[in-house]
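Observations on the model geometry
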Amino acid sequence: MAPSPQVAEALARTEASTGEKTPLYESLVGSLKTLSTPATAIEDLTAVADSFFQQSLGVVSTRSILGAFLATLPTFDDDALSIAVGEHTLARLAAQPASFADAAAELGLLVAAAHEARDDFLAAAQTLAAIPLDSAQRKVGDADRARVWVRIVRNYLEVDDPLAAETYLNKLKNIMHTVPDADLALHFALSQARIQDAKRDFLGAAARYHEISFSPAIADEERLHTLAMAIKCAILAPAGPLRSRALGRLYKDDRAPQLPEFSILEKMLLDRLLAPAEVAAFAQGLQPHQRATTADGSTVLDKAVVEHNLRGASRLYDNIRFDALGALLGLDADRAERTTARMIEQGRLVGRMDQLDGIVWFEGGEASGEKGSAHAKETVGKQTRKWDANVESLAQQVEQVTNSLQREFPGFVATHLAV
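What this report covers is the structure whose coordinates are included nearby. Given the structure is predicted, the values throughout are model-derived calculations rather than measurements.

Direction vectors running N to C along helix α12 (residues 220–236) and helix α13 (residues 241–251) enclose 155 degrees, while the axes themselves pass 9 Å from each other. The orientation of α12 relative to α13 falls into the category roughly antiparallel. Crossing of α12 against α13: the hand is left-handed. Across the interface between the two elements, L227, A230, I231, A234 and I235 from α12 touch R243, A246, L247 and L250 from α13.

Rendered as structure tokens:
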């Protein structure tokens with residue numbers, strides 16, 4: 001479409017002028033808001049941009065006009081217009097000398113902000129990534145680089161692309177120690193936590209979320225939300241001593257009882273069995289990637305709950321058949337056996353398995369978390385020593401009762417008991 005008649009006439013006069021054209025273009029750009037209508041604004045702005053780039057006015061004059069143009073563009077307060085005109089102008093700038101790098105960067109930030117306002121986060125990330133940050137003609141400080149890269153990371157995370165986000169997070173790691181901006185440091189830490197969360201490194205994400213929840217730079221409700229995220233990640237982590245320590249730290253946080261996740265946190269820490277209704281209620285508060293189905297057809301939460309209930313069963317039973325264990329965990333006997341074998345082999349459960357009889361024997365004590373360390377070894381006389389210890393404990397308890405009776409009821413003891 002062609003520009004409006006008023007703008008077309010003004011452009012014709014400016015292009016035909018034999019004098020200095022820079023003031024004429026700047027005046028035209030400043031009056032575009034009144035000359036244009038909403039229906040023709042995009043065509044008017046792109047026509048003006050095409051005109052002053054085609055006039056070969058020189059770098060200094062073009063840079064001056066371009067500055068006025070960029071100042072006028074946001075005054076239209078139209079995200080669609082900013083994107084259309086901005087992308088058209090960026091394409092024009094790509095064919096210009098590198099001395100226009102500052103203008104290209106400013107325009108790229110403007111277009112990216114418009115994409116973010118329209119929730120088009122992928123386009124925003126791609127626009128920000130195209131901004132020239134390494135140029136001989138443009139000196140960019142570490143703080144400015146960090147601001148752009150943090151926005152790219154956050155936009156990629158919004159479209160669930162942690163791999164692309166991690167690429168820019170790795171760039172940030174090299175410069176964040178030189179950036180004194182507390183807000184940027186907070187966004188960097190939060191981005192690290194979100195990437196670990198998205199990659200299912202739940203223990204690492206829980207630790208970072210918990211650390212961020214103490215930051216005075218965020219509001220109280222945001223701190224509680226971040227603490228809730230830490231609890232969710234810790235619950236989703238693989239059962240074992242490392243997760244137990246993470247749950248313990250969160251349980252001791254005075255703010256935790258205020259959260260709806262506290263009940264399931266407490267039960268997991270104390271190795272109590274979880275009911276299906278509790279798990280279903282907890283699942284409603286999870287992010288989509290936290291509810292995703294894994295390769296074996298189960299969700300991350302399903303796996304975490306099965307492993308937790310298996311640890312809970314190890315506190316209740318000395319031994320149990322695989323079919324009974326499967327019924328307790330909501331699995332068939334084969335999957336119960338495989339899950340138990342994997343946790344024992346990985347050092348997250350202490351026990352031994354008798355596959356011929358289909359029985360698992362749980363041993364006392366806490367697993368070390370080291371691969372292969374939780375596989376119990378048979379020792380000579382082990383069961384005999386365990387029996388002896390039980391008999392000794394029973395004898396000690398009987399003696400304590402007898403001593404108590406002698407103190408409280410000496411006559412009764414003298415008449416009825418032989419001591």
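Next, the rest of the story.
The geometry of an aromatic ring pair is captured by two quantities: the separation of the ring centres and the angle between the planes. Here the structure, examined in full by the defined rule, presents 5 aromatic pairs. When the ring of Y251 is compared with that of F262, the centres are 5.4 Å apart and the planes differ by 10 degrees; the resulting orientation is stacked. Of this pair, Y251 sits in helix α13 while F262 sits in helix α14 (residues 262–269), and the two are 11 residues apart along the sequence. By relative accessible area, which is 31% here, Y251 ends up partly exposed. Site record: aromatic cluster; members linked through ring pairs are Y25, F52, F53 and F69. Here K33 stacks its cationic end above the ring of F76, 5.8 Å away from the centre of that ring.

A word on the pattern of salt bridges. Tallying each qualifying case throughout the model produces 15 salt bridges. Close ionic contact of D181 with R147 constitutes a salt bridge, the shortest N to O distance being 3.5 Å. You can see D181 sitting in the loop between α9 (162–173) and α10 (182–198) and its partner R147 sitting in helix α8 (residues 142–158), a full 34 residues away along the chain. One salt-bridge network, in which partners are shared between bridges, spans D144, R147 and D181.

Core analysis: the biggest nonpolar cluster contains 35 residues, and Y209, I231, I235, L250, L265 and L301 have the highest contact counts within it. If one sorts the elements of this core by residue count, α12 sits on top with 9 residues. Those residues in contact with Y209, other than ones at most four positions away along the chain, are L190, A193, R194, D197, T226, M229, A230 and C233.

Once that is clear, we can look at the pairing of strand β3 (residues 359–362). Relative to β3, strand β1 (residues 319–321) runs antiparallel, the two being bridged by 3 bridges. Within the sheet, the bridge partner assigned to N319 lies in β3 and is W361. Bridge count between strand β2 (residues 351–354) and β3: 4 bridges; the pairing is antiparallel. Bridging across to β3, D354 finds its partner in I359. Where β2 folds back onto β3 in an antiparallel hairpin, the turn is made up of 4 residues, including G358, whose phi is positive at roughly 70 degrees.

Okay, the sheet that holds β2 next. Two pairing modes exist for strands in a sheet, parallel and antiparallel, and in both the strands are linked by backbone hydrogen bonds. Strand order across the open sheet formed by 3 strands is β1-β3-β2, with antiparallel pairing between neighbours. Because the sheet does not close on itself, it has two edges, and the strands there are β1 and β2. On average, each strand axis in the sheet is tilted by 20 degrees relative to the strand beside it, whichever way the strands run. Along the sheet face, helix α17 (residues 322–329) touches β1, β2 and β3 and points at about 90 degrees away from the line of β1. Relative to β2, helix α18 (residues 333–345) is tilted by about 140 degrees, and along the sheet it contacts β2 and β3.

Take the packing of helix α7 (residues 121–129) against α8 next. Between α7 and α8, whose axes approach to 8 Å, the crossing angle comes to 155 degrees. Between α7 and α8, the interaxial angle falls into the category roughly antiparallel. In the packing of α7 onto α8, the handedness of the crossing is left-handed. Seen from α7, the contacting residues are F121, L122, A124, A125, Q126, L128 and A129; seen from α8, they are V148, R151, I152, N155, Y156 and E158. Counted by class, the contact of α7 with α8 contains 9 nonpolar, 2 polar and 2 charged residues.

Definitions and limits used
Residues numbered from 1 in each chain as written. Predicted model: local features only at pLDDT ≥ 70, side-chain atom pairs only at ≥ 80, totals over all residues. Heavy atoms only, no water. Axes fitted to C-alpha atoms, helices over the stretch in contact; angles between N-to-C directions. Helix = DSSP H or I, 4+ residues; strand = E, 2+ residues; numbered from the N terminus. Parallel < 35°, antiparallel > 145°, perpendicular 65-115°, else oblique. Left-handed = near helix turned anticlockwise from the far one by under 90°. Contact = heavy atoms within 4.5 Å. Phe/Tyr/Trp six-rings, centres within 6.5 Å; stacked < 30°, edge-to-face > 60°. Buried < 20%, exposed > 50% of the residue type's maximum accessible area, 1.4 Å probe, protein only. Lys NZ or Arg CZ within 6 Å of the ring centre and 35° of its normal. Salt bridge = Lys/Arg side-chain N within 4 Å of Asp/Glu carboxyl O. Core = buried A, V, L, I, M, F, W, Y, C linked by side-chain atoms within 4.5 Å. Pairing = 2+ DSSP bridges. Nonpolar A, V, L, I, M, F, W, Y, C, P; charged D, E, K, R; others polar.

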